[in-house]
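Chain by chain, the residues:
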Amino acid sequence: MNENTDKIEKKAEKEAPEEQIVHQHVKDYIEDLLPRHQGLFKELEAYAEIHKVPIIQREVAALLKVLVKTANAEKILEIGTAIGYSAMIMAEAMEAEGKIVTLERNEKMVEQAMENIRRGGFENRIQIIPGDALETLHFLPGGYDVIFMDGGKGHYHEMLTLAISLLKPGGLLISDNILYKGMVSSEDLVKRRKRTIVHRMREYLEYITNHQELTTSIIPIGDGVALSYKKKIV
Ligand code: MG
């Protein structure tokens, strides 16, 4: 690649914000339509924006609430806690006795999430397990109604078999960031450093869309969400 193409690439990056997979006007419209969060949720959204913490976007939060409610989820497993925002969004959408187990390996994130969950009054309903999710998945008891896959994007595929086995038949696997800033669907958008992650995500999507135990739908909102229903009878 010569200097000129590099310049053109840089210019293109500036002009087209990489992080969006739908038209800005569509995203703005949906976001304006959705009621704004108040209190702690609003505070965490502002915090995440300033500190570049990748929390779920508001339209994805709305989708999660609907899914958790329609699934009548009593037990949820989340892979990737970050600051606890999505866990609390889901906990609030569940019945009062609903429980969430959430996995996070970044110690600083674990501390922040614990504090946020305590402040939100969810400490009896959301349990954070610190450490590498891939290891933790091996000793979890299973029987989850919903699994929210939102950890390291390069590791979804490795975690899939365990995740499916931990999901109840009739349960729902929700995978976030599957279109990864549009890079997954367009080779032109793939940054060189991200090639491996993008390649693995494509494999993951091919796998879950063709898996005989799953019925999968790909939804282009937020950063891309995949919904995979685990069949009751295969
Ligand atoms: Mg995410």
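Quick note: structure is the one above.
A brief report on the enclosed structure follows. Owing to the predicted nature of the structure, the values given are computational and were not obtained by experimental measurement. (Residues numbered from 1 in each chain as written. Predicted model: local features only at pLDDT ≥ 70, side-chain atom pairs only at ≥ 80, totals over all residues. Heavy atoms only, no water.)

1. Side note on the packing of helix α3 (residues 39–51) against helix α6 (residues 107–119)
Line of reasoning, step 1. Two elements in contact, α3 and α6, have axes separated by 11 Å at closest approach and are oriented at 155°. One finds that α3 runs roughly antiparallel with respect to α6. Judged by the sense of rotation from one axis to the other, the crossing of α3 with α6 is right-handed. For the pair α3 and α6, contact is made by L40, E43, L44 and Y47 and by Q112, N116 and R119, respectively.
Line of reasoning, step 2. Taken together, the residues that form the contact of α3 with α6 break down as three nonpolar, two polar and two charged. (Axes fitted to C-alpha atoms, helices over the stretch in contact; angles between N-to-C directions. Helix = DSSP H or I, 4+ residues; strand = E, 2+ residues; numbered from the N terminus. Parallel < 35°, antiparallel > 145°, perpendicular 65-115°, else oblique. Left-handed = near helix turned anticlockwise from the far one by under 90°. Contact = heavy atoms within 4.5 Å. Nonpolar A, V, L, I, M, F, W, Y, C, P; charged D, E, K, R; others polar.)

2. Describing the coordination of the magnesium ion
Line of reasoning, step 1. Here the magnesium ion is held by D150 (OD), D176 (OD) and N177 (OD1), and the distances to it run 2.1 to 2.2 Å.
Line of reasoning, step 2. Coordination of the magnesium ion draws on donor residues from a single chain, spaced D-x25-D-N in sequence. Of this pair, D150 sits in the loop between β4 (144–149) and α8 (156–166) while D176 sits in strand β5 (residues 167–176), placing them 26 residues apart in sequence. Judged on exposure class, the residue D150 and its partner D176 are both buried. (Donors = N, O, S within 2.8 Å, 3.2 Å for Na, K, Ca; no water. Buried < 20%, exposed > 50% of the residue type's maximum accessible area, 1.4 Å probe, protein only.)

3. A few points about the nonpolar core
Line of reasoning, step 1. By size, the foremost hydrophobic cluster in this structure holds 39 residues, and its most contacted members are I76, Y85, M88, I126 and I174.
Line of reasoning, step 2. Elements that contribute at least two residues to this core include exactly α3, α4 (58–70), α5 (85–93), α6, β3 (126–130), β4, β5 and β7 (225–230).
Line of reasoning, step 3. With seven residues, α5 is the single largest residue contributor to this core.
Line of reasoning, step 4. Among all residues touching Y85, those that are not within four sequence positions of it are H37, F41, L44, E45, I55, I56, R58 and A61.
Line of reasoning, step 5. Residues L140, M159, L179 and I208 belong to the second largest nonpolar core, which totals 33 residues. (Core = buried A, V, L, I, M, F, W, Y, C linked by side-chain atoms within 4.5 Å.)

4. A closer look at the sheet that holds strand β6 (residues 214–219)
Line of reasoning, step 1. One open sheet accounts for seven strands, arranged β3-β2-β1-β4-β5-β7-β6; its pairing is mixed. Looking at the sheet topology across the chains shown, the edges are occupied by β3 and β6. Each strand of the sheet is rotated relative to its neighbour by a mean of 15°, with strand direction disregarded.
Line of reasoning, step 2. As defined by bridge partners, β5 adjoins β7 across five bridges and the pair is classed as antiparallel. By the bridge assignment for β7, L172 is matched with Y229.
Line of reasoning, step 3. With respect to the sheet, α5 is in contact with β1 (75–79), β2 (99–104), β3 and β4, its orientation differing from that of β1 by roughly 165°. (Pairing = 2+ DSSP bridges.)

5. Some points on the environment of H25
Line of reasoning, step 1. Counting through the fold element by element, H25 comes out in helix α2 (residues 24–33).
Line of reasoning, step 2. With 200 residues separating them along the chain, H25 and V225 place their C-alpha atoms 19 Å apart.

6. Details of the layout of surface pockets
Line of reasoning, step 1. Roughly 1600 Å³ of internal volume is contained in the largest pocket.
Line of reasoning, step 2. If you go around the largest pocket, you meet 45 residues; those closest to its centre are K52, V53, P54, I55 and I56.
Line of reasoning, step 3. Elements with a minimum of two residues in the lining of the largest pocket: α2, α3, α4, β2 and α7 (133–136).
Line of reasoning, step 4. The biggest single contributor to the lining of the largest pocket is α3, with five residues.
Line of reasoning, step 5. Residue composition of the lining of the largest pocket, grouped by class: 16 nonpolar, eleven polar and 18 charged. (1 Å grid on protein atoms, 1.4 Å probe; cavity = no way out; pocket = protein on both sides within 12 Å on 5 of 7 lines; lining within 4 Å. Points joined across faces, edges and corners; volume = space filled by probe spheres on them.)

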